[in-house]
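# Summary of the model geometry
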Amino acid sequence: MKSLFWRISATFMVLLLVLGVAYIWITKDSADRYFQEATQRLNSSIAQHMVDHIQPIRNGEVDTTGLSDLMHSMMIINPDVEVYLLDTEGKILSHVAPYKKVKLTEVRLGPINQFLETKELKACILGDDPRKPGRTKVFSAAEIRENNQLVGYAYVILVSEDYDSAMSFVWGNYILRVGIISFLVTLLAALVIGLALIYFITKNLNRIVATVKRFKEGDMHARMPADSGAELQELATTFNEMADTLVKNIDELKAVENLRRELIANVSHDLRTPLAIMRGYVETLIMKDDSLGSEERQRYLNTVMASNHKLEKMVGDLFELSKLEAKQVTPVIEPFFIVELVQDITQKYKMLAGEKGIEISLSQSAELPMVLADIALVERVLQNLLDNAIKFTPSGGKVTISLAAGERGVEIKVSDTGKGIAAEDLPYVFDRYHQANKAGREAKVGAGLGLAIVKKILEIHNSTIEISSKLQQGTSFRFHLPAYEA
Ligand SMILES: Nc1ncnc2c1ncn2[C@@H]1O[C@H](COP(=O)(O)OP(=O)(O)O)[C@@H](O)[C@H]1O
Ligand SMILES: [Mg+2]
């Protein structure tokens, strides 16, 4: 993470440097241009004045004396001026450039003609510098005529070597110097502030990365500090929320996993009982085959058969519940008349109830809408509830199924006058297997999966089941199914 600070800082510094160089270069360049332009504009007529004042070419001859006289007086005013006399082709006939070497023998006429044709100078025109081949300079020029005949040109270079270096010009200029110095100071301040900011941001980043690392390495309680810096606060908050969600999900998964393990442990324990019974009786049958009377043999076989039934039901329930829990059951939701279903089931249970001396009855309010649900699953719910009601109600008791239209659709209630459930057991009846160990109680009777299945099926229907019970008085289960609105 150290390297991040240095990387960002280096980038930032390079950026500032480029900016600074660009600024100075632009300043230099524009100052240079301005200076040249101003010089050329101010001195544009200097060559013409000279030609007017002295006739530099007389009868085809160069008037050297007049020229050098003029040059000297001009040099007093401006020592940078260099004067050249050219013939009509641009060849240098003579020059007055004291103490300086002239290297070219001729200059291009193009810029000179351009200069002469231009009435009002807009941008500077650059001509060849005879002392420096390849370089150009601002100049003034004028035609020299004799008897109305063009005999040559006066060519005056306006800026000398001294100002060639724009930098020296810029430094020679107080305003520009102050401008550049204040720019450099600003740049420096920006650098310092920028580096400080980068430092603080990366410092906060470092803390964030450290937290993420701790989390990655298994410290699930690692959270971002509350003051992670304005920009990073959102990142920190998001991370914290994500971590919370992750931890919550992991906890949930662990809980589910624990429940599953308990369920398997409890169920396999319960599966062993009927298996052991079957094994015992079958062994007896095999060993005492000769000595057993037919009645006894019949009794043994019936016991084996009953255990087998129990086992079958347990395995069936277990299979059903695990399918429901794994969400492998897709309900087929359709409208149907709940009354018809309940009537059918009641009819089927009449016999079983009658055998036990229990009266089973159906009560319904006058107008009932159709319900929207999976008919087969609802049938399983009613079966399980009725199984329990009959199982836990003694002879002479009553089991009632009531149907009523309610706010949430159709309310279905299965109540009995049986032995009831103790208040402390109530919270565990729907997942007795899951909770049995935690509550420290043993499974008493039955497979104990029926109500868990009921609860799951109703969950799939976005419904819940409520229970109310009083010991020795009876129990009632209540749930609702959504009404179908055509
Ligand atoms: N109608 C009821 N009356 C009294 N106890 C009940 C009733 N329904 C359920 N229970 C209690 O809830 C437990 C769980 O029921 P259930 O899940 O159907 O399993 P099982 O019927 O196999 O015991 C039962 O063992 C019983 O103790
Ligand atoms: Mg049951």
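The structure this text deals with has already been given above.
The shown structure was predicted, so the numbers you read here are calculated from the model rather than taken from an experiment. (Residues numbered from 1 in each chain as written. Chains lettered and ligands numbered in written order. Predicted model: local features only at pLDDT ≥ 70, side-chain atom pairs only at ≥ 80, totals over all residues. Heavy atoms only, no water.)

When its secondary structure is counted, the protein chain shows 12 helices and 14 strands. The C-alpha atoms of the protein chain give a radius of gyration of 54 Å, which is well past the 23 Å a tight globule of 486 residues would have. Taken along its principal axes, the extent of the C-alpha atoms in the protein chain is 165 × 55 × 45 Å. The buried share of the protein chain, reckoned over its 486 residues, is 37%. Put simply, of all contacts in the protein chain between residues at least 6 apart along the chain, 66% involve residues at least 24 apart. (Helix = DSSP H or I, 4+ residues; strand = E, 2+ residues; numbered from the N terminus. Rg over C-alpha atoms; globule rule 2.2 N^0.38 Å. Buried < 20%, exposed > 50% of the residue type's maximum accessible area, 1.4 Å probe, protein only. Contact = heavy atoms within 4.5 Å.)

This next bit is on the sheet that holds strand E14 (residues 474-481). Strand order across the open sheet formed by 5 strands is E9-E11-E12-E14-E13, with mixed pairing between neighbours. Two strands lie at the open edges of the sheet, namely strand E9 (359-364) and strand E13 (465-470), each paired on one side alone. Within this sheet the neighbouring strands show an average axis-to-axis angle of 15 degrees, counted without direction. With 6 bridges connecting them, E13 and E14 associate as antiparallel partners. Paired with Ile 467 across the strands is Phe 477, a residue of E14. Of the strands in this sheet, E9, strand E11 (398-406), strand E12 (409-416) and E14 touch helix H9 (residues 338-355), which is tilted by about 165 degrees from E9. (Pairing = 2+ DSSP bridges. Axes fitted to C-alpha atoms, helices over the stretch in contact; angles between N-to-C directions.)

Another point: the nonpolar core. The biggest cluster of nonpolar side chains holds 50 residues, and the ones touching the most others in it are Ile 338, Leu 382, Leu 385 and Phe 479. Per-element accounting of this core gives the leading share, 8 residues, to helix H10 (residues 375-391). Viewed by domain, this core spans two of them, domain 2 (231-325) and domain 3 (334-481), each represented by three or more residues. If we ignore the near neighbours within four places in the chain, the residues touching Leu 382 are Leu 341, Val 342, Ile 345, Ile 412, Val 414 and Phe 479. Met 50, Val 138, Val 156 and Leu 158 belong to the second largest nonpolar core, which has 23 residues in total. (Core = buried A, V, L, I, M, F, W, Y, C linked by side-chain atoms within 4.5 Å. Domains from an automatic or database assignment.)

The periodicity of an α-helix, 3.6 residues per turn, causes residues three or four positions apart to be oriented the same way. What helix H2 (residues 46-53) keeps buried is the set Ile 46, Ala 47, Met 50 and Val 51. Burial along H2 is one-sided: seen end-on, the buried residues are contained in an arc of 135 degrees. Projecting away from the buried face of H2 at angles above 90 degrees are the exposed residues His 49, Asp 52 and His 53. (Arc of directions from axis to C-beta.)

With their axes 9 Å apart at the nearest point, H10 and helix H12 (residues 450-460) run at an angle of 150 degrees to one another. By the angle between their directions, the pair H10 and H12 is classed as roughly antiparallel. When the axes of H10 and H12 are compared, the crossing they make is left-handed. Residues Leu 377, Arg 380, Val 381, Asn 384, Leu 385 and Asn 388 of H10 form the contact with H12, whose own contacting residues are Gly 450, Leu 451, Ile 453, Val 454 and Ile 457. Classifying every residue of the contact of H10 with H12 by side-chain character gives 7 nonpolar, 3 polar and 1 charged. (Parallel < 35°, antiparallel > 145°, perpendicular 65-115°, else oblique. Left-handed = near helix turned anticlockwise from the far one by under 90°. Nonpolar A, V, L, I, M, F, W, Y, C, P; charged D, E, K, R; others polar.)

Once that is clear, we can look at the sheet that holds strand E4 (residues 92-96). Sheet architecture is open: 5 strands sit in the order E4-E3-E7-E6-E5, paired in antiparallel fashion. Sheet topology places E4 and strand E5 (126-128) at the edges, where each strand pairs with a single neighbour. Going from strand to strand, the sheet's axes swing by 35 degrees on average, the running direction of each strand aside. Here strand E3 (residues 82-86) pairs with strand E7 (residues 149-157) via 5 bridges, running antiparallel. Its bridge partner being in E7, Tyr 84 is matched across the sheet by Tyr 155. Lying on the sheet, H2 is in contact with E3, strand E6 (136-146) and E7; it crosses E6 at an angle near 30 degrees. Sheet strands touched by helix H4 (residues 110-117): E3, E5, E6 and E7. Its angle to E6, the strand with the most contacts, is close to 75 degrees.

On to the pattern of salt bridges, then. For the coordinates displayed, the defined rule picks out 19 salt bridges. A salt bridge links Glu 320 to Arg 380, with the shortest nitrogen-to-oxygen separation between them at 2.6 Å. Separated by 60 residues along the polypeptide, Glu 320 in helix H8 (residues 294-325) and Arg 380 in helix H10 bring together distant segments of the chain. Judged by its relative accessible area of 17%, Glu 320 is buried. One network of salt bridges, with partners in common, ties together Lys 313, Asp 317, Glu 320 and Arg 380. (Salt bridge = Lys/Arg side-chain N within 4 Å of Asp/Glu carboxyl O.)

This next bit is on the packing of aromatic side chains. Any aromatic ring pair is given by two values, namely how distant the centres are and how the planes are angled relative to each other. According to the stated counting rule, one finds 10 aromatic pairs in the structure shown. Geometrically, the ring pair formed by Tyr 199 and Phe 200 is edge-to-face, given 5.5 Å between the ring centres and 65 degrees between the ring planes. Judged by its relative accessible area of 44%, Tyr 199 falls in the partly exposed class. The rings of Phe 5, Trp 6, Tyr 199 and Phe 200 are connected pair by pair, giving a single aromatic cluster. (Phe/Tyr/Trp six-rings, centres within 6.5 Å; stacked < 30°, edge-to-face > 60°.)

Okay, unusual backbone geometry next. One non-glycine residue with positive phi stands out, namely Lys 327, at about 60 degrees. Given a relative accessible area of 72%, Lys 327 falls into the exposed group. Here Asn 462, not a glycine, exhibits a phi torsion of approximately 55 degrees, which is positive. Structurally, Asn 462 is set in the loop between H12 and E13. On the basis of relative accessibility, which here comes to 71%, the residue Asn 462 falls in the exposed class.

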